[in-house]
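Survey of secondary and tertiary structure
Chain residues, written in single-letter form:
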Amino acid sequence: MAALLRTPAPPAASSAAAASPPDSLERELAATHRPRPAIYWVDFLACVAIGWPAFALAVASWGSGAAWLALGVAVFALYRAALFIHELTHLASGAVPGFLAAWDALAGFPLLVPSLMYVGSHGEHHKAHIFGTAADPEYAPIAHWSRPRLLVATLGMLLIPAALVLRWGLLVPLGALVPAVRRFAITHLSTLAINASYERKPPKGVLKKRWLREELGCMAVVWAAGVALALGALPVRALALWYGLVSAILMINHLRTLGAHRYANEGAAMTLDEQVADSVNLWGPAWLRPLTALLAPVGLRFHALHHFFPTLPYHALGAVHRRLVRELPAGAVYRTTSQPALTSALVALANKLK
């Protein structure tokens, strides 16, 4: 919390801006901004109620101009629905009863990205001693990469849907027969990560049972689709459009992720100030904010703020950000985190590449 109000003033300087904020601020925010289940349910259900019918319309009317429009609506509606996976990682048990199971059934399973791929591992990204290091699943020194390397990594998103089909449709049943296959799948193929060297630890206790349910759920979707396709009940274009849908969601989220940090650290442990300086809020002129919210939905445009208060629900981040912008001094470190748009954050990253 210390860096939130700190300014880059000389050590001798004394000001309210250089002092650590009172702990009462965090307690106040936690008390006044609790998850509101109605908001979660209405928002999420609206996304899937728009997204899946739009996808069905695209499949049914493929070849017409309306189909492209329907597919675009499906992409952004289901992209927003999918990114509730981020909220799932921070919601306390029982805060929004039934939400995780509903999310898996309506978004995670049909998109083949069950909550196990993020819940559990994302917490590592928020540990102060892990953030930005080689143990962080969601951080890599991308700012020191070459442009061709980043391009290859980005284009690789187009292969992920095929990999997901194999992960759940083939490796789940094979892993039940060959323990080594299951261990490999858990360690290397069960996490939404950008750090290729990250190794996932096997689930234990109640998580082990939940993992199994989610793996079986995704396997059931893959096999049901395969059988329906073989019997002619599911047109080939439905599978092709599903592939395009998931590819588009993954690509947009990949670009959003690239804009969430500056990725300048090369593995060393970072101070709180350094972690703040490496994080990005997307906060530009009012006319641009709706587009930013479309590209970085469910509060993810306030990524730097989220790293200070990871338990704040997404629907509270805008109000808290505006409060801090009003109250913080001009030189506060927090103010250095803002980029006016996702494009400007991506350009800033691209300009650092070799």
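Quick summary incoming for the structure in this document. (Residues numbered from 1 in each chain as written. Predicted model: local features only at pLDDT ≥ 70, side-chain atom pairs only at ≥ 80, totals over all residues. Heavy atoms only, no water.)

Section: the nonpolar core
Within the largest apolar cluster, 54 residues are counted, with the highest numbers of intra-cluster contacts made by Phe44, Phe55, Phe84, Phe99, Trp103, Trp168 and Leu245. Counting only elements with at least two residues in this core, the list comes to helix H3 (37–60), helix H4 (65–82), helix H5 (84–90), helix H6 (99–111), helix H9 (160–169), helix H12 (206–231) and helix H13 (236–258). Among the elements that take part in this core, H13 stands out by supplying 9 residues, more than any other. (Core = buried A, V, L, I, M, F, W, Y, C linked by side-chain atoms within 4.5 Å. Buried < 20%, exposed > 50% of the residue type's maximum accessible area, 1.4 Å probe, protein only. Helix = DSSP H or I, 4+ residues; strand = E, 2+ residues; numbered from the N terminus.)

Brief notes about a nonpolar patch on the surface
There is a patch of nonpolar side chains on the surface, built from Leu166, Leu170, Leu174, Leu177 and Val178 and spanning about 460 Å² of accessible area. Along the polypeptide, Leu174 turns up in helix H10 (residues 171–177). (Patch = residues over 30% accessible without salt bridge, like charges linked within 9 Å, V, L, I, M, F, W, Y side chains within 5 Å. Areas by Shrake-Rupley, 256 points an atom, 1.4 Å probe, with all protein chains shown as cover. Salt bridge = Lys/Arg side-chain N within 4 Å of Asp/Glu carboxyl O.)

Side note on the packing of aromatic side chains
Counted according to the given criterion, the structure contains 15 aromatic pairs. Arranged with centres 4.8 Å apart and planes meeting at 50°, the rings of Trp62 and Trp68 form a pair that is tilted. When the ring of Trp283 is compared with that of Phe302, the centres are 5.6 Å apart and the planes differ by 40°; the resulting orientation is tilted. With Trp283 in the loop between strand E1 (281–282) and helix H15 (289–295) and Phe302 in the loop between H15 and helix H16 (303–308), this pair connects stretches of sequence that are 19 residues apart. In terms of burial, Trp283 and Phe302 fall into one category: buried. Every member of this aromatic cluster is reached through a ring pair, and the members are Tyr40, Trp41, Phe44, Phe84, Phe99 and Tyr314. Over the aromatic face of Trp283 sits the side chain of Arg289, whose NZ or CZ is 3.8 Å from the ring centroid. (Phe/Tyr/Trp six-rings, centres within 6.5 Å; stacked < 30°, edge-to-face > 60°. Lys NZ or Arg CZ within 6 Å of the ring centre and 35° of its normal.)

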